Amino acid sequence: MQQLQFTLTREFILLCDLLKATGVADSGGMGKAMVADGLVKVDGQVELRKTCKIRADQIVELGDVRIHVLPIEA
């Protein structure tokens, strides 16, 4: 499993934007399609909301990719 880390620059990031920012999706539209198809899990649960707010310490999974979201750096 590929492990990625993403450090927030604000309070949250939208799920589709996170997939694009980490390179898991080539575009925001592709990220939205992945979510709509039920391919993305947030904290172990399938997430169907494309604009779900992802906050620090959440885990996002898509296939063999796992993204750990880190808090804003001080």
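Below you will find a few notes about this structure. (Residues numbered from 1 in each chain as written. Predicted model: local features only at pLDDT ≥ 70, side-chain atom pairs only at ≥ 80, totals over all residues. Heavy atoms only, no water.)

Points about the pattern of salt bridges
Alright, step 1. Under the criterion given, the structure shown has two salt bridges.
Alright, step 2. Of the charged contacts, one joins R55 and E11 as a salt bridge, the two residues approaching to 2.7 Å between their closest N and O atoms. Taken together, the residues R55 in the loop between strand 5 (53-54) and strand 6 (59-62) and E11 in the loop between strand 1 (2-7) and strand 2 (13-14) connect sequence positions 44 residues apart.
Alright, step 3. Under the relative-accessibility criterion, R55 is labelled partly exposed at 33%.
Alright, step 4. With a relative accessible area of 56%, E11 lands in the exposed category.
Alright, step 5. Note that R49 is salt-bridged to E47, the shortest N-O span being 2.8 Å. (Salt bridge = Lys/Arg side-chain N within 4 Å of Asp/Glu carboxyl O. Helix = DSSP H or I, 4+ residues; strand = E, 2+ residues; numbered from the N terminus. Buried < 20%, exposed > 50% of the residue type's maximum accessible area, 1.4 Å probe, protein only.)

Focus: the sheet that holds strand 6
Strand pairing in a sheet relies on backbone hydrogen bonds. The paired strands run either parallel or antiparallel.
Alright, step 1. Taken in spatial order, the five strands of this open sheet run 1-7-6-3-4, and their pairing is mixed. Looking at which strands have only one partner, the edges of the open sheet turn out to be strand 1 and strand 4 (45-46).
Alright, step 2. Pairing of strand 3 (residues 40-42) with strand 6 involves three bridges; the strand directions are antiparallel. Counted as the bridge partner of V42 is V60 from strand 6. (Pairing = 2+ DSSP bridges.)

Details of the packing of aromatic side chains
Alright, step 1. This model, assessed by the stated rule, comprises zero aromatic pairs.
Alright, step 2. When the ring centre of F12 is taken as origin, the NZ or CZ atom of K53, which lies over that ring, is 4.7 Å away. (Phe/Tyr/Trp six-rings, centres within 6.5 Å; stacked < 30°, edge-to-face > 60°. Lys NZ or Arg CZ within 6 Å of the ring centre and 35° of its normal.)

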